[in-house]
Amino acid sequence: MISTDNASLVEKILRLKKRRNAVILAHNYQLGEVQEIADFAGDSLELSQKAAQTDAEVIVFCGVQFMAETASILCPDKKVILPDLHAGCPMADMITADKLAEKKREHPKAAVVCYINSPADVKAESDVCCTSANAVQIVENLRDAQEIIFVPDQYLGNYVANKTGKEMILWPGFCPTHVRIQARDIMRLREEYPQAKVMVHPECRPDVAALADAVLSTGGMCKYAGEEVARDLIVGTEIGILHRLRNENPRKRFIPVSEQAVCPRMKLITLETVLWSLEEMTYEVKVPEEIRTRARSAVDKMLTASR
Ligand code: SF4
């Protein structure tokens, strides 16, 4: 619901969006009011699919840098704008293309699977991308790979390795927001809400994932919440997702594992910065062509496998 305080801002955004022929895409971790004005809110996979399909001239990406880069990789002819230049992802910053190239030299026969939460030039060094929604499927598809390097999230990598039974070389990256979700909090909440189901994101630590009924991407959580008969659901991911879960399931109760699970970079995007970005057409995110074409191959392989 749009508050009356925000009504004039929203009106200006919608008017300008139309004039610019823009589409607004928002990640599930965005502030509720930002999700409300988006044409589409979803997880990384859903957003990259939407970006690839849109016929708008401008994509306003309410998310973090690597997401806007992915839109630029997929849509080189469109103007992709990120409302706050500082909205980066600390996990994506835990790897560089040079360091990955060094790792590839150590393991020349390895296939590289790159979580979408990574810089464009790291995607360009990779064989295939994945998101948390399709990582297991992508790794399962690599039947002939003798070795697999998985970057940059060690916890998603560990989850995928357990699910597929494949040994993988894991990059030591992690999400500083998801490590705030602790096993002891889940155990306490399970005692408090014995009927509840627990769903957590695969970026959580393995001891947390081991306690969950379901380990899911945010898009997967929305689907699970709609289908699950339990009325109470304990949610282990960034708390922005609660907005959508509660909107879509007004009769259910959603209990966050930790109120501290807030991604400060995601929260840099506000209605004010969205309006400003449409007024000034800033900040444009454009991946250089040489990197884009190589990264595109890894992103396309992922999208093809997820159809
Ligand atoms: S929640 Fe974690 S992985 Fe997602 S953007 Fe924030 S820091 Fe990066």
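Just so you know, these numbers come straight off a predicted model, no measurement behind them.

(A) Layout of the environment of Gly 226. Tracing the backbone through its elements, the reader meets Gly 226 in helix H11 (residues 218–227). Once the C-alpha coordinates of Gly 226 and Val 58 are considered, the two residues, 168 residues apart in sequence, prove to be 32 Å apart. Once you skip the residues sitting within four places of it in the chain, Gly 226 turns out to touch Asn 249 and Lys 252.

(B) The arrangement of unusual backbone geometry in detail. In this model, Val 151 is joined to Pro 152 through a cis peptide bond whose omega is -15°. Omega for the peptide link from Thr 282 to Tyr 283 comes to -10°, which places this bond in the cis form. With a phi close to 50°, Asn 21 is a non-glycine residue in the positive phi region. Turning to its location among the elements, Asn 21 is positioned in the loop between helix H1 (4–20) and strand E1 (22–27). Take Asn 21: its relative accessible area is 33%, and that puts it in the partly exposed class. A positive phi angle, close to 55°, is found at Met 281, a residue other than glycine. You can see Met 281 is positioned in the loop between helix H13 (271–280) and helix H14 (289–305).

(C) How the structure looks around the site of the ligand. The immediate surroundings of the ligand are formed by Tyr 29, Val 64, Cys 89, Pro 90, Asn 117, Cys 175, Pro 176, Glu 203, Cys 263 and Met 266. Counted by class, the shell around the ligand contains 8 nonpolar, 1 polar and 1 charged residues.

(D) Helix H5 (residues 97–106), seen in detail. Along H5, the residues classified as buried are Ala 97, Leu 100 and Ala 101. Buried positions in H5, seen along its axis, are confined to an arc of 105° and lie on one side of it. Exposed residues pointing more than 90 degrees away from the buried face of H5 are listed as Asp 98, Lys 99 and Arg 105. Along its buried surface, H5 packs onto strand E5 (110–115), helix H6 (120–124) and strand E7 (147–151).

(E) Focus on the nonpolar core. Formed by 101 residues in total, the largest nonpolar core has its most connected members in Ile 59, Val 60, Val 113, Val 151 and Val 274. With residues near it in sequence (within four places) discarded, Val 151 still touches Ile 95, Leu 100, Val 112, Val 113, Cys 114, Tyr 115, Val 122 and Trp 171. Within the second largest apolar cluster, 12 residues are counted, among which are Tyr 224, Leu 233, Ile 241 and Phe 254.

(F) Looking closely at the sheet that holds strand E10 (residues 214–215). Read from one edge of the open sheet, 4 strands run E10-E9-E11-E12, paired in parallel fashion. Of all strands in the sheet, those bounded by a partner on one side alone are E10 and strand E12 (253–256). Taken together, the 4 bridges between strand E9 (residues 197–200) and strand E11 (residues 232–236) define a ladder with parallel strand orientation. Bridge assignment links Lys 197 to a residue of E11, and that residue is Leu 233. Each of E9, E11 and E12 touches helix H9 (residues 183–192); the most contacted strand, E9, lies at about 155° to it. Packing of helix H12 (residues 241–248) onto the sheet brings it into contact with E9, E11 and E12, and relative to E12 it is tilted by some 165°.

(G) Seen up close, the pairing of E5. Burial analysis of E5 places 6 of its 6 residues in the buried class, which makes it a mostly covered element. Alternating residues of E5 divide into Ala 110, Val 112 and Cys 114 and Ala 111, Val 113 and Tyr 115, and every residue in both groups is buried. For E5 and E7, the ladder comprises 5 bridges, and the chain directions are parallel. Residue pairing across strands places Ala 110 opposite Glu 147, the latter belonging to E7. Of the pairings in the sheet, the one linking E5 to strand E6 (residues 128–130) comprises 3 bridges and is parallel in character. Bridge pairing in E6 places Val 113 opposite Val 128.

(H) Fine view of the side chain of Ser 217. Within the secondary structure, Ser 217 is located in the loop between E10 and H11. Owing to a relative accessible area of 6%, Ser 217 belongs among the buried residues under this scheme. A polar contact of 3.0 Å, which involves the side chain of Ser 217, links it to the backbone nitrogen of Gly 220. When residues no more than four places from it in sequence are discounted, the contact partners of Ser 217 are Asp 43, Ser 132, Ala 133, His 201 and Pro 202.

(I) Molecular detail of the pattern of salt bridges. A full pass over the atoms with the stated rule returns 18 salt bridges. One salt bridge in this structure joins Glu 11 and Arg 15, with 3.3 Å as the shortest N-O distance. Residue Glu 11 and its partner Arg 15 are located together in helix H1, separated by 4 residues, close to a single helical turn. Two residues, Arg 231 and Asp 232, come together in a salt bridge whose shortest N-O distance is 3.6 Å. Ionic contacts of the salt-bridge type, sharing partners, join the residues Lys 104, Glu 125, Glu 290 and Arg 294 into one network.

The rules behind these values
Residues numbered from 1 in each chain as written. Predicted model: local features only at pLDDT ≥ 70, side-chain atom pairs only at ≥ 80, totals over all residues. Heavy atoms only, no water. Helix = DSSP H or I, 4+ residues; strand = E, 2+ residues; numbered from the N terminus. Contact = heavy atoms within 4.5 Å. Buried < 20%, exposed > 50% of the residue type's maximum accessible area, 1.4 Å probe, protein only. Near = heavy atom within 4 Å. Nonpolar A, V, L, I, M, F, W, Y, C, P; charged D, E, K, R; others polar. Arc of directions from axis to C-beta. Core = buried A, V, L, I, M, F, W, Y, C linked by side-chain atoms within 4.5 Å. Pairing = 2+ DSSP bridges. Axes fitted to C-alpha atoms, helices over the stretch in contact; angles between N-to-C directions. Polar contact = N/O pair within 3.5 Å; in protein donor to acceptor, adjacent residues only side chain to side chain. Salt bridge = Lys/Arg side-chain N within 4 Å of Asp/Glu carboxyl O.

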